[in-house]
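So you can see what is in the structure, the chains are spelled out below.
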Amino acid sequence: MEGVDRMLVSGTRVSFTLKKDAKVDETALKAALKKGKLSFVSLTSTKRLPAKAAYIIKTPGLT
């Protein structure tokens, strides 16, 4: 999808952040999902401030 900065897949949910001033074309999104044999449930938009910190935890045995 054009304009996507980052995408996170967790189970059956996909979360993504957009590049600055990018807009989601809901029709194109639904068509792409249908083409991939997935179903569209909902689209929620939230504006948030950028994170002030990020952490990486290295734990043996976990993926």
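Let me sum up the structure you'll find in this document. (Residues numbered from 1 in each chain as written. Predicted model: local features only at pLDDT ≥ 70, side-chain atom pairs only at ≥ 80, totals over all residues. Heavy atoms only, no water.)

### Here's the deal with the overall build of the protein
Reasoning step 1: Per the secondary structure count, the protein includes one helix and two strands.
Reasoning step 2: When the helices and strands of the protein are placed in sequence order, the string is β-β-α.
Reasoning step 3: Over its C-alpha atoms the protein spans a radius of gyration of 15 Å, topping by over 25% the 11 Å that the globule rule assigns to 63 residues.
Reasoning step 4: Each principal axis of the C-alpha distribution contributes one length, and for the protein these read about 40 × 30 × 20 Å. (Helix = DSSP H or I, 4+ residues; strand = E, 2+ residues; numbered from the N terminus. Rg over C-alpha atoms; globule rule 2.2 N^0.38 Å.)

### Thoughts on the layout of surface pockets
Reasoning step 1: Within this model, the largest pocket holds a volume of roughly 1,900 Å³.
Reasoning step 2: Every residue lining the largest pocket is counted, 38 residues in all, and those nearest its centre are Val14, Ser15, Phe16, Thr17 and Thr44.
Reasoning step 3: Among the elements of the structure, β1 (4-10), β2 (13-18) and α1 (26-35) are those that each provide at least two residues to the lining of the largest pocket. (1 Å grid on protein atoms, 1.4 Å probe; cavity = no way out; pocket = protein on both sides within 12 Å on 5 of 7 lines; lining within 4 Å. Points joined across faces, edges and corners; volume = space filled by probe spheres on them.)

### Some thoughts on α1
Reasoning step 1: Sitting at the head of α1, aspartate 25 places a side-chain oxygen 3.2 Å from the backbone nitrogen of threonine 27.
Reasoning step 2: In the stretch just after α1, lysine 37 is the one whose phi turns positive, near 60 degrees. (Polar contact = N/O pair within 3.5 Å; in protein donor to acceptor, adjacent residues only side chain to side chain.)

### Brief notes about unusual backbone geometry
For residues that are not glycine, phi is negative in most cases, and the peptide bond is trans in most cases.
Reasoning step 1: Phi at aspartate 21 is positive, roughly 70 degrees, even though this residue is not glycine.
Reasoning step 2: With respect to the secondary-structure elements, aspartate 21 resides in the loop between β2 and α1.

### Thoughts on the pairing of β1
Reasoning step 1: Note that β1 and β2 share six bridges and pair antiparallel. Within β2, the position partnered with valine 4 by the bridge is leucine 18.
Reasoning step 2: Hairpin connection of β1 to β2: two residues between the antiparallel strands, including glycine 11 at a positive phi of 65 degrees. (Pairing = 2+ DSSP bridges.)

### Focus: the pattern of salt bridges
Reasoning step 1: For the structure shown, the criterion picks out one salt bridge.
Reasoning step 2: For glutamate 26, the salt bridge is made with lysine 30, and the minimal N-O distance between the two is 3.5 Å. Of the two residues, glutamate 26 and lysine 30 are both situated in helix α1; the distance of four residues between them amounts to about one turn of the helix. (Salt bridge = Lys/Arg side-chain N within 4 Å of Asp/Glu carboxyl O.)

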